[in-house]
Protein chains: 2
Amino acid sequence: MRTSIATVSLAGTLPEKLRAAAAAGFDAVEVFEPDLVTSPLRPAQVRALAADLGVRIALYQPFRDPDDVDPTRATRVRERLRRKLSVVRDLGCDLVLVCSSVHAGAVRDDDELAAQLSALADDAAAAGVRLAYEALAWGAHVSDYRHGARVVALADHPALGTCVDSFHVLSRGDDPDDIAHLDRLFFCQVADAPLLGMDVLPWSRHHRLFPGQGGFDLARFQRAVAASGYDGPVSLEVFNDLYRQADPGRTAVDALRSLRYLADRTVPGTLPAAPVPRDWAFVEVAATGAGVPDLEALLAAFGLRRSGTHRRGEVDLWTRGPVRVVVNRRSAQDRARLSSLGLEVDQPHVLAERARDLLAPLVHRPVGPGEAEIPSLVAPDGTWVQFCGTSPDWQDDFLPVPAPADSPPGPGAFTGIDHVTLTQPFAGFDAAGLFLTAVLGLEAGELSEIAAPDGLVRSRAHTSPASPVRIALNVGPTSATLRGRPLAAAHVAFATEDLFAVVEGFLAAGGRALPVPENYHDDVEARFDLDPEFAAALRRNGILYDRDAAGGEFLQFFARSVSREFFVEVVERRGGYAGFGASNTSVRLAAQRALPGGD
Amino acid sequence: MRTSIATVSLAGTLPEKLRAAAAAGFDAVEVFEPDLVTSPLRPAQVRALAADLGVRIALYQPFRDPDDVDPTRATRVRERLRRKLSVVRDLGCDLVLVCSSVHAGAVRDDDELAAQLSALADDAAAAGVRLAYEALAWGAHVSDYRHGARVVALADHPALGTCVDSFHVLSRGDDPDDIAHLDRLFFCQVADAPLLGMDVLPWSRHHRLFPGQGGFDLARFQRAVAASGYDGPVSLEVFNDLYRQADPGRTAVDALRSLRYLADRTVPGTLPAAPVPRDWAFVEVAATGAGVPDLEALLAAFGLRRSGTHRRGEVDLWTRGPVRVVVNRRSAQDRARLSSLGLEVDQPHVLAERARDLLAPLVHRPVGPGEAEIPSLVAPDGTWVQFCGTSPDWQDDFLPVPAPADSPPGPGAFTGIDHVTLTQPFAGFDAAGLFLTAVLGLEAGELSEIAAPDGLVRSRAHTSPASPVRIALNVGPTSATLRGRPLAAAHVAFATEDLFAVVEGFLAAGGRALPVPENYHDDVEARFDLDPEFAAALRRNGILYDRDAAGGEFLQFFARSVSREFFVEVVERRGGYAGFGASNTSVRLAAQRALPGGD
């Protein structure tokens, strides 16, 4: 698949956009006219810059309202196109996107429309340029790609073909399969979008996403495009309010990742296939200063004990049953921060290869003699993800620490790590989700919106039916320039089958619970028909409660945060509850904010 | 009108919300249940706090899904209500909002529904509480307020009445006039909203606005409420993603202003009536350091001359014909910043009284002997607005400066100040617009969205058919934590009838134009059928061009910015052009950003 991106998908000036696209590795770009019009670079200079960067200018767009029932105005359109053709040639480009008309004077007769487009194609051909006609979903007369293709067929001009754009096809609910039968497909644009119930024009102009970030079936769309014989670039045209203001270099990498992942979904096997991670190996917390004793006290109160110390020091392994927490004191700059996720993987090097093909930055830790080499990469938010195989065993890097005589096992037991939550920068939420989907094979769940004291928090869990690995992404309110600081706290949730015993042990060992408002438990008792003793136990232990429609139950306990960046939760799932207690998150956020140093 | 606000309309914790509402001057609040549930304050403590603050708790809300076809679940609903009634009594509140059901088990038979609501009302009455039943626009069975009122009438229970919410009525396009005939109206909520083409639920949950900020005819709604005999509080229930994260003290003031303005639109004469300002008196620029000579050089290049100096020094008046610019060197902290707008007003003290009733902060400058006292206030963005009458004349405060012998009048002439643009903080855009509408009597125009290199800029002009005063508000992209700095530059546009002469004089006098890309003029020539000589003159002089559908023309010239905060434009309107060249704004923004120190 040859890859392209429209300059409107990236923030910055035209040279910044070109550099970002080239640096990410795109083969080509579409030049969006306003980016050229606002640039001091002349078209020939843009052509030279693109050539220097090794990126082709595949398309110039858009040419709007190409037809008119008024002959005088139709003549003006030809003059307008002739002037644009001169710009396009100076750019070294040979293809112009022509949108179906949206104005009141749009031609309503297909034969007349074909004749006017044909006349434009004559002018284009004379300049060595071709025209790709696109049916806008809100076109005045032509709004369906099949209609657009019929007009193109009527014109039957070698310089006039069709452009399909997944948004304009799928936003209308149109069947994309007929794309396979188009015989003059000149260009293909792809964009995803969340399935929003709103007018298609503002939906298109503000909410488009990169493939895999939204709700469209783009693999089916792309298979139809491939079946047509089209072998030109597949180009991302993503109008998105956030990407317009995000770092273009980073957006371009996220964009190319989305296209490589789309290629793999279209033709499975394009990327190295790797199974979903089998389970959690560990979570690593980087701690420094006062964070170290605070973190160690927290882990100890939960009954974990220091069971190993790394051969090269400054890194300890804390365990309780299948829960393993690595405490890293090597290079942390924060009191305590969730720094790395260790995943048990069947074929770590195949997964690392897949990740590399998906533009994930691979990192190499220094490996001492006899130590396991763990393929590692950096997720978009900076968290490391490490792929742990069975041979060699990463735990062999740790020298065992004998259990102290006075280390009580403590009541309750953990059955594993239930999930991890990572907090994203405002513009990074969709890209981080795609990363989990494309690289790790997790599936994105529903979006939750949670009212916090300083604004709405959005949350989405990524899970797999084939794995207990669950990762939720959170993102805070719009802007740090308004109230409050950005949402910062990542957390790990341990799983248990007896939360009451865990909490009693934790509190008895001196652990400190996040205070839960009495009003909350009043509300729980009003909403759910609970056994009074059970309800009293929830209240006494500061345990939050949720129940799903099928009667599955969820119990949650939060320890006080070790730092603004890290806290620990313990959860108990009963009867197949599959959620994450989203309805309780506002209680947790408000309680954390109320504590000294809280958000 | 008794005033109230729902706590969900404000950011922060429940005590912060109560304090903000009380400080602004609201009579009452609605307590939104999640604000209580997440609070460590017990209901009795909230009641005591509200009493201390002198704000009444008028309503507790919402009680959802009050009816159920399943008798067991209907019994559970009664138990849920009984527990909530205990909370409501502890709050010292006697009214609960009950929303029409949205769940699958909603009762579809009106008689049965009335019977179930009546049973709930029995329980409420026993606790000394009344229930206000509200038809949600997306209710499963009851979604129309008239339907809801019919069910209430069927129940015929003294503790069961109706709540109307302008959003739920007007978002559906329902006629509000029948509210006048409701005989058991227990509560009234008002919210405005932009007229968006989207599903009503997300529209309601994210995009509500305070009255006067959106597109609903709330005066008509409110007249119907008044005609019903309702004399309870009128309460703002505004779910808005930005207000959820904005300073609650400030939001509460903006909110109460919106309600006072609504009262005046409902019953004209509630506020002191003042005519729209007659014209611009002056604009004031505060300058310091290098900003002073730069600003003076700019004004001189435009042919303004220093014609007066203030009696107490450090303030100069620069004039050319009807354009008056006050240069204030007294207390500026910026190189150059548009600090004050002087408006010619027929009855300055009446307008000031109206502004004070609308919670505008009035300010008092020290007035020296014999100087004019100018009623002044501070607009939401910090810009001063000064109301200048004819007697005494504010210009008499300036001692005349004799014209230097070598001061050339220069070619071209200004006919006045065309408009001023003020840049707003991200969450302040709608509040600033309402301020201009409510206080100054200007009318809000259409919203423009402009693609700038670092994100979308929104802009809206405020004008009046009765005055040449035009003020546009701009607001930059979402977040300063993403790319770029927030949009900062305010500007003043002078009007002329011969822009070419103005520009030639400006350049000849050493003025520096904002560079306009050649590509822009290529595009203008392609889009418009211009006389080649005229087009060449536009290009040569760096003049931007626009034309409206009726053939009206707009010519714009931008001088290089004096500071990041201030620049000057000169415009020429031909043939009744009424816009502001929004299609050219992206060119201006990109050119300003490209300059050293630019955005």
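Within each chain, residue numbers correspond to sequence positions counted from 1 in written order. All chains are assigned letters beginning with A, and all ligands numbers beginning with 1, in the order in which they are written. With pLDDT at 70 or above as the cut-off, local features in this predicted model cover only qualifying residues; side-chain atom pairs require 80 or more to be listed or tallied, and sums for whole chains, interfaces and linings still use all residues. As a rule here, side-chain values come from all non-hydrogen atoms in the structure, and water together with hydrogens is ignored.

Peer 1: Would you mind going over the overall build of chain A in detail, with residue names and values included?
Peer 2: Counting from the N terminus, the helices are the DSSP runs of H or I reaching at least four residues and the strands are the DSSP runs of E reaching at least two. Looking only at helices and strands, one finds 17 helices and 25 strands in chain A. The principal-axis extents of the C-alpha atoms in chain A amount to approximately 95 × 60 × 40 Å. Counting every position in chain A, which comprises 599 residues, the buried fraction comes to 59%. Sequence-distant contacts, at least 24 apart, represent 74% of the contacts inside chain A between residues at least 6 apart. Relative accessibility under 20% of the residue-type maximum defines a buried residue, over 50% an exposed one, and the middle range a partly exposed one, all with a 1.4 Å probe and only protein chains included. Contact definition: two residues touch when any of their heavy atoms are within 4.5 Å.

Peer 1: If you had to explain the interface of chain A and chain B to someone new, which residues and values would you point to?
Peer 2: In this assembly, 58 residues from chain A lie in contact with 58 residues from chain B. Summed over both partners, the accessible area lost on bringing two parts together, with a 1.4 Å probe, is the buried area. Between chain A and chain B, the buried area comes to about 4700 Å², and carbon and sulfur atoms account for 54% of it. By definition here, a salt bridge exists when the distance from a side-chain nitrogen of Lys or Arg to a carboxyl oxygen of Asp or Glu is within 4 Å. Here chain A and chain B share ten salt bridges between them. The residue A:Arg83 makes a salt bridge to B:Glu525 at a minimum N-O spacing of 3.4 Å. Under the rule applied, a polar contact is a pair of N or O atoms within 3.5 Å (in protein, one hydrogen donor and one hydrogen acceptor; residues adjacent in sequence only if both atoms are side-chain atoms). Joining chain A to chain B, the criterion identifies 28 residue pairs in polar contact (both at pLDDT 80 or more). Contributing elements (two or more residues each) for the side of chain A that touches chain B: helix H2 (33-37), helix H4 (71-90), strand S19 (443-452), strand S20 (455-464), helix H15 (518-527) and helix H17 (582-594) of chain A. Examining the composition of the side of chain A that touches chain B, we find that eight residues originate from one element, H15(A), more than from any other. Grouping the amino acids of the side of chain A that touches chain B by side-chain chemistry returns 24 nonpolar, 13 polar and 21 charged. Each residue is assigned to one of three groups, with Ala, Val, Leu, Ile, Met, Phe, Trp, Tyr, Cys and Pro labelled nonpolar, Asp, Glu, Lys and Arg labelled charged, and all others, Gly among them, labelled polar.

Peer 1: Summarise the environment of A:Arg64; cite the residues concerned and give the values.
Peer 2: All names here are of chain A. With respect to the helices, strands and loops of the structure, Arg 64 is situated in the loop between strand S3 (56-63) and H4. For Arg 64, a relative accessible area of 36% gives the class partly exposed. On a C-alpha basis, the gap between Arg 64 and Val 102 in space is 8.2 Å, while along the polypeptide they are 38 residues apart. Among residues more than four places away in sequence, those in contact with Arg 64 are Arg 80, Cys 99 and Arg 205.

Peer 1: Could you give an account of the pairing of strand S24 (residues 553-558) of chain B, naming the residues involved and the relevant values?
Peer 2: All names here are of chain B. Where burial is concerned, most of S24 is hidden: six out of the six residues are buried. Burial along S24 is two-sided: Glu 553, Leu 555 and Phe 557 facing one way and Phe 554, Gln 556 and Phe 558 facing the other are all buried. A pair of strands is labelled paired if DSSP reports no fewer than 2 bridges between them. Sheet analysis places strand S23 (residues 544-547) next to S24, joined by four bridges and oriented antiparallel. Paired with Asp 546 across the two strands is Phe 554, which belongs to S24. Where S23 hands over to S24, the hairpin turn is made up of five residues, of which Gly 551 adopts a positive phi near 90°. In terms of strand pairing, S24 meets strand S25 (residues 566-574) through six bridges, oriented antiparallel. In the strand pairing of S25, Gln 556 is matched with Val 571.

Peer 1: Got a sec to walk through the confidence of the model for chain A? Specific residues and values, please.
Peer 2: As a general rule, the predicted coordinates of low-pLDDT regions are not to be interpreted in detail. Per-residue pLDDT for chain A averages 93, and the proportion of residues at 70 or more is 96%. Interface confidence for the predicted complex, expressed as ipTM, amounts to 0.90; the pTM equals 0.93. pLDDT: the predictor's confidence for each residue, scored from 0 to 100.

Peer 1: Now, about helix H13 (residues 429-440) of chain B: what can you tell me, with residues and values included?
Peer 2: Residues and elements named next belong to chain B. Between the first and last residue of a helix there are one fewer steps than residues, each counted as 1.5 Å, and that sum is the expected span. Helix length check: H13, at twelve residues, gives a terminal C-alpha distance of 16 Å against a target of 16 Å (1.5 Å per residue), a fit within 8%. Among the twelve residues in H13, eleven count as buried, and that is most of the element. Considered for burial, the residues of H13 that qualify are Phe 429, Ala 431, Ala 432, Gly 433, Leu 434, Phe 435, Leu 436, Thr 437, Ala 438, Val 439 and Leu 440. Among the residues trailing H13, Gly 441 stands out with phi positive, at a value near 80°.

Peer 1: An account of the sheet that holds strand S5 (residues 130-134) of chain A is needed here, citing residue identities and associated values.
Peer 2: All names here are of chain A. Taken in spatial order, the eight strands of this closed barrel run S1-S2-S3-S4-S5-S6-S7-S8, and their pairing is parallel. Across this sheet, the average inter-strand angle for adjacent strands is 30°, counted without regard to direction. Where strand S1 (residues 3-6) meets strand S2 (residues 28-32), three bridges bridge the pair, whose relative direction is parallel. Note that in S2 the partner of Ile 5 across the bridge is Val 29. For helices, the fitted axis covers only the stretch in contact; all axes are lines through C-alpha atoms, and the angles between them, taken along N-to-C directions, range from 0 to 180 degrees. Seen against the sheet, H4 touches S3, strand S4 (95-99) and S5 and runs at an angle of roughly 160° to S3.

Peer 1: An account of unusual backbone geometry is needed here, citing residue identities and associated values.
Peer 2: For the bond running from A:Gln61 to A:Pro62, omega is -10°, close enough to zero to count as cis. Structurally, the position occupied by A:Pro62 is in strand S3. One non-glycine residue, B:Glu314, lies in positive phi territory at about 65°. Relative to the helices and strands, B:Glu314 is located in the loop between strand S10 (305-310) and strand S11 (315-320).

Peer 1: Outline helix H6 (residues 145-155) of chain A, listing residues and values.
Peer 2: An α-helical turn contains 3.6 residues, so any two residues separated by three or four positions project in the same direction. All names here are of chain A. Inspection of H6 places Tyr 145, His 147, Gly 148, Ala 149, Val 151, Val 152 and Ala 155 among the buried residues, and these make up the whole buried set. Packed against the buried residues of H6 are helix H5 (110-126), S5, strand S6 (160-165) and helix H7 (166-170). In the segment just after H6, Asp 156 is the residue with positive phi, at about 45°.

Peer 1: Break down the packing of aromatic side chains for me, with residues and values.
Peer 2: All names here are of chain A. We call Phe, Tyr and Trp rings a pair once their centres come within 6.5 Å, taking the six-membered ring for Trp, and we label the pair stacked below 30 degrees between planes, edge-to-face above 60, and tilted otherwise. Overall, the coordinates contain 36 aromatic pairs over all chains when judged by the stated rule. On the basis of an interplanar angle of 85° and a centroid distance of 6.5 Å, the ring pair of Phe 302 and Phe 557 is categorised as edge-to-face. Here Phe 557 lies in strand S24 (residues 553-558) and Phe 302 lies in the loop between helix H11 (291-301) and strand S10 (305-310), a separation of 255 residues in the sequence. On the basis of relative accessibility, which here comes to 2%, the residue Phe 302 falls in the buried class. For the pair Phe 554 and Tyr 577, a centre-to-centre distance of 4.7 Å together with 5° between the ring planes defines the contact as stacked. Of the two residues, Phe 554 is situated in strand S24 and Tyr 577 in the loop between strand S25 (566-574) and H17; the sequence distance between them amounts to 23 residues. Of the two residues examined, Phe 554 and Tyr 577, each falls in the buried class. Ring pairing ties together the aromatic residues Phe 302, Phe 414, Phe 494, Phe 506 and Phe 557, which thus form one cluster. Here, over-ring charges are defined by two tests on the NZ atom of lysine or the CZ atom of arginine: distance to the ring centre within 6 Å, and angle to the ring normal within 35 degrees. Between Arg 130 and the ring centre of Phe 186, over which it is positioned, the NZ or CZ distance is 4.1 Å.

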